[in-house]
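Chain by chain, the residues run as shown.
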Amino acid sequence: MNMQVKDKTTFKSQAVYNVTARIQENTILNRGLLDLGGLAGPQIIMSNNNDEKIERGVIQSLYFVSAFLAPYILLPFFNKTFLARNGVVNKLVNNERKIIEVSKKYLTQSAKFMEDGIMETAEKLELEAEKAGKKIKVQEDFKNILNRFSDKEDLKNRLLKTHEDVLFADFLATALMWCAIPWVGTEITKLRTKRHGFSATYNMMSEQQSKLNAQKHEKEKNKKLITSGLIGIIPAIIFPKLVTKGLKSKGGILNFVKKIPKSFDYTKGIYPSKFIFGAIWLLCDYPSAIISSRDKYEQKDRAIRHGSSLVVFFGGDFLLNNILGRLSDMFLKTQIMDRAKFKTKPNFFNKISLQPKDFTKLNDLKGIEPKIIQRTKNIGAGIYWLTLFANMGLLGFALPSVLNKILKDDIKNNPLDKIPH
């Protein structure tokens, strides 16, 4: 939900609003909560047997480390490395390194537009630090960078190259980790149990058929591993180059990138946008998870389970917030939905794609009574958490319940697979 609450207006439970805003703007935290509450805990509970429980626990733990802890180490390293390698900064010990936080939207037009964006970002960073009780001189350090480049187009190109390099390194590292995780999880199960096949089918499928499936899987394993590796590498090479080309485009099929440049930003230079997160998930994690499946039952389970997670994380959130936000504005007289775009361009697409307001833009709050702002913030935060818990319930309990029934019915209807009685 695109609603952040960071203004200085005094309300009760201000801490709740700040936490909600922090989670909402940070895709990693948002996805982390959904994973813990919807994929890890509940789906482990809903497993068919203890071996499946342990396997899912191992896999989710590895996902947590790679997706939610690794970026805090890797992204600062990537940022510093490529800022220095591309000659953007002279010193990494001062605030020059924060230039990576300048949005890609400022790199889509003229050099003058970039200069203004760099200084606006510096002012914003100083203001944020001041609110946190710190004093930093970002404007001074950013001016030093600008003064070193008499050719500002050269600086813009170096920044674009830096962003491309960072995106490539992050995409590649994350994709390879995610592609490897299903393989690691299933190998641990194999070593621990000395059993074959999809762990969810243990005590459902005959051991003889499990061995036959395992033999087929082992025979194709090397080919599948190579395919998984390529799935992790090829998109990582192509995707960042397409983004850079789109940011520079003057028309054509990639011009849409130039229209939504902030969708390719890293918040604070560390947290990937939902668009980037989704690209890695869809192009690498999803197909690799299906390829690494041990038999047709696991393949079907992963196709539905991972596909549903993708839909809920990127579609369910939008749909529920859209519906609940509209209903709140209509019946509770709040100002949750951002209708500015619909007013300037009153077309059908803008009407159905309304998003909640971004309260970090203080201009959006002008002309609204304080009591309406308070009501909007209270109900808006409530809608965010209600949507999150609803998605957790769908992924954590409803989905596994359906998948467990499908699995049992599939095996029951296949005489060769079920355990003879």
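Details of the structure are given in the entry above.
The structure presented is a predicted model; accordingly, all values stated were derived computationally and were not measured.

Draft legend 1. Examining the nonpolar core more closely. Counting 63 residues, the largest nonpolar core has Ile99, Ile118, Phe142, Leu155, Leu159, Phe171 and Trp178 as its most contacted members. With eleven residues, the single largest contributor to this core is helix α6 (residues 152-193). With seven residues, the next largest nonpolar core counts Ala200, Met204, Met205 and Tyr297 among its residues.

Draft legend 2. Summary view of unusual backbone geometry. Unlike most non-glycine residues, lysine 268 shows phi in positive territory, near 55°. We note that lysine 333 has phi near 60°; this positive angle belongs to a residue other than glycine. On the secondary structure map, lysine 333 appears in the loop between α10 (296-331) and β3 (337-338). Exposure remark for lysine 333: the relative accessible area of 53% places this residue in the exposed category.

Draft legend 3. Representation of the environment of serine 309. Along the chain, serine 309 turns up in helix α10. Serine 309 gets classed as buried once you look at its relative accessible area, which sits at 4%. Distance from serine 309 to leucine 399, taken between C-alpha atoms, is 9.4 Å for residues 90 residues apart in sequence. If sequence neighbours within four positions are ignored, serine 309 has contacts with Leu39, Trp281 and Leu395.

Draft legend 4. Region of interest: the packing of α6 against helix α7 (residues 207-248). The contact between α6 and α7 brings their axes to 9 Å, and the two run at 160°. In terms of orientation, α6 and α7 fall into the roughly antiparallel class. Where α6 crosses over α7, the two elements pack in a sense that is right-handed. Tallied by class, the residues present in the contact of α6 with α7 amount to 19 nonpolar, six polar and eight charged.

Draft legend 5. Inspection of the state of the cysteines at higher detail. One pass over the full model with this rule turns up zero disulfides. A disulfide-free cysteine, cysteine 179 has its sulfur positioned 5.3 Å from the sulfur of cysteine 284, the nearest such atom. Taking the relative accessible area as the measure of exposure, cysteine 179 reaches 3% and is therefore buried.

Draft legend 6. Quick peek at α7. Between its first and last C-alpha atoms α7 spans 58 Å; for 42 residues at 1.5 Å apiece the expected length is 62 Å, and the two agree. Considering bend angle alone, the principal kink of α7 is centred on lysine 221 and spans about 55°.

Draft legend 7. Examining the packing of aromatic side chains more closely. Applying the stated criterion to the full structure yields ten aromatic pairs. Taken together, a centroid distance of 5.8 Å and an interplanar angle of 65° make the contact between tyrosine 72 and tyrosine 271 edge-to-face. With tyrosine 72 in helix α3 (residues 50-85) and tyrosine 271 in strand β2 (residues 271-272), the pair connects residues that are 199 residues apart, well separated along the chain. Overall, tyrosine 271 belongs to the buried group, its relative accessible area being 7%. With a centroid separation of 5.4 Å and 40° between ring planes, the pair formed by phenylalanine 171 and phenylalanine 239 is classed as tilted. Of this pair, phenylalanine 171 sits in helix α6 while phenylalanine 239 sits in helix α7; the two residues are 68 residues apart in sequence, bridging distant segments of the chain. Phenylalanine 239 gets classed as buried once you look at its relative accessible area, which sits at 12%. Here the aromatic residues Phe171, Phe239, Phe264 and Phe275 are joined through ring pairs into a cluster of three or more. The ring of tyrosine 202 has arginine 195 sitting right over it, with the charged end atom 4.2 Å from the ring centre.

Draft legend 8. Structural view of helix α5 (residues 138-148). Val138, Asp141, Phe142, Ile145 and Leu146 are the residues of α5 that are buried. Mapping the buried residues of α5 onto a view down its axis gives an arc of 145°, with all of them on the same face. Where α5 is buried, its residues meet α4 (111-131) and α6.

Conventions and cut-offs
- Residues numbered from 1 in each chain as written.
- Predicted model: local features only at pLDDT ≥ 70, side-chain atom pairs only at ≥ 80, totals over all residues.
- Heavy atoms only, no water.
- Core = buried A, V, L, I, M, F, W, Y, C linked by side-chain atoms within 4.5 Å.
- Buried < 20%, exposed > 50% of the residue type's maximum accessible area, 1.4 Å probe, protein only.
- Helix = DSSP H or I, 4+ residues; strand = E, 2+ residues; numbered from the N terminus.
- Contact = heavy atoms within 4.5 Å.
- Axes fitted to C-alpha atoms, helices over the stretch in contact; angles between N-to-C directions.
- Parallel < 35°, antiparallel > 145°, perpendicular 65-115°, else oblique.
- Left-handed = near helix turned anticlockwise from the far one by under 90°.
- Nonpolar A, V, L, I, M, F, W, Y, C, P; charged D, E, K, R; others polar.
- Disulfide = S-S within 2.5 Å.
- Expected span 1.5 Å × (residues − 1).
- Bend = angle between axes of the 7 residues up to and from the residue.
- Phe/Tyr/Trp six-rings, centres within 6.5 Å; stacked < 30°, edge-to-face > 60°.
- Lys NZ or Arg CZ within 6 Å of the ring centre and 35° of its normal.
- Arc of directions from axis to C-beta.

Function-wise, these values are silent; they only describe arrangement.
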